Amino acid sequence: RAWASACGVNSGARRAHCAGIANDLRRAVERGQLSLAFQPIVRLADGRVTAFEALLRWNHPDKGMISPASFIPIAESSGLIVPIGNWVLEQSCKLAATWRKNLSVAVNISPAQFKSGQLVDVVCAALAKYGLAPHRLELEITESLLLEKSYETLEVLRSLKELGVVIALDDF
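Everything quoted here is computed from the prediction, not taken from an experiment.

(A) The pairing of strand β4 (residues 104-108), seen in detail. Among the 5 residues that make up β4, 4 are buried, leaving the element largely enclosed by the rest of the structure. With 3 bridges connecting them, strand β2 (residues 49-60) and β4 associate as parallel partners. Directly across from Phe52, in β4, lies its bridge partner Val105. By the bridge criterion, 4 bridges tie β4 to strand β5 (residues 137-142) in an arrangement that is parallel. Bridge pairing in β5 places Val107 opposite Leu139.

Structure below.
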């Protein structure tokens, strides 16, 4: 299974643990058990908050808070990262639209979202639905995505830039 490679599975117990997390995560998505926290991004020159980064959180009903480091790789390998990422994007735009006009929101985008062929449409729909100006949305991508240099990735980046969305390099 795909989640097995994400978990570095070497034992039956570890494999079962990861399968359990994947099943619980699937239910969490269905039941709306994921939430967002927003970390301020501060401009060093004057100490002003200029944006907030959306951070995905999962408060499991039985196990409590589960670290994103534990569930994001499983979400990526199970295919859940695309609907989860789209939800994060939409909810972030919804909330940011209520903030002062000089504040932006930063959202991490997974390589799977880029490869889904839906990212530009999802971004356009969220911006339009909540009336958020494109320059107030910053999409954080990883350098590994840029290293691929695929035509599709470059086309998505070009389309997002034409919309006026800010692209930032994350995790470098």
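Still more ground to cover, so stick around.
(B) Summary view of the nonpolar core. Among the nonpolar cores identified, the biggest contains 43 residues, and Leu89, Val107, Phe114, Val123, Leu137 and Leu139 are the most heavily contacted of them. Looking at which element gives the most residues to this core, the answer is helix α4 (residues 81-96), with 7 residues. Residues in contact with Val123, not counting those within four places in the same chain, are Leu89, Leu137, Leu139, Leu160, Leu163 and Val165.

(C) How the structure looks around the pairing of β2. Bridge count between strand β1 (residues 34-42) and β2: 9 bridges; the pairing is antiparallel. By the bridge assignment, Ile41 is partnered in β2 with Ala51. Hairpin connection between β1 and β2: a loop of 6 residues separates the two successive antiparallel strands, and Gly47 in this loop has a positive phi of roughly 75°. Examined bridge by bridge, β2 and strand β3 (residues 64-66) share 3 bridges and lie antiparallel to one another. Counted as the bridge partner of Asn59 is Met65 from β3. The hairpin turn running from β2 into β3, its antiparallel successor, is 3 residues long.

What counts and how
- Residues numbered from 1 in each chain as written.
- Predicted model: local features only at pLDDT ≥ 70, side-chain atom pairs only at ≥ 80, totals over all residues.
- Heavy atoms only, no water.
- Buried < 20%, exposed > 50% of the residue type's maximum accessible area, 1.4 Å probe, protein only.
- Helix = DSSP H or I, 4+ residues; strand = E, 2+ residues; numbered from the N terminus.
- Pairing = 2+ DSSP bridges.
- Core = buried A, V, L, I, M, F, W, Y, C linked by side-chain atoms within 4.5 Å.
- Contact = heavy atoms within 4.5 Å.

Read these as layout, nothing more, since geometry by itself doesn't imply function.
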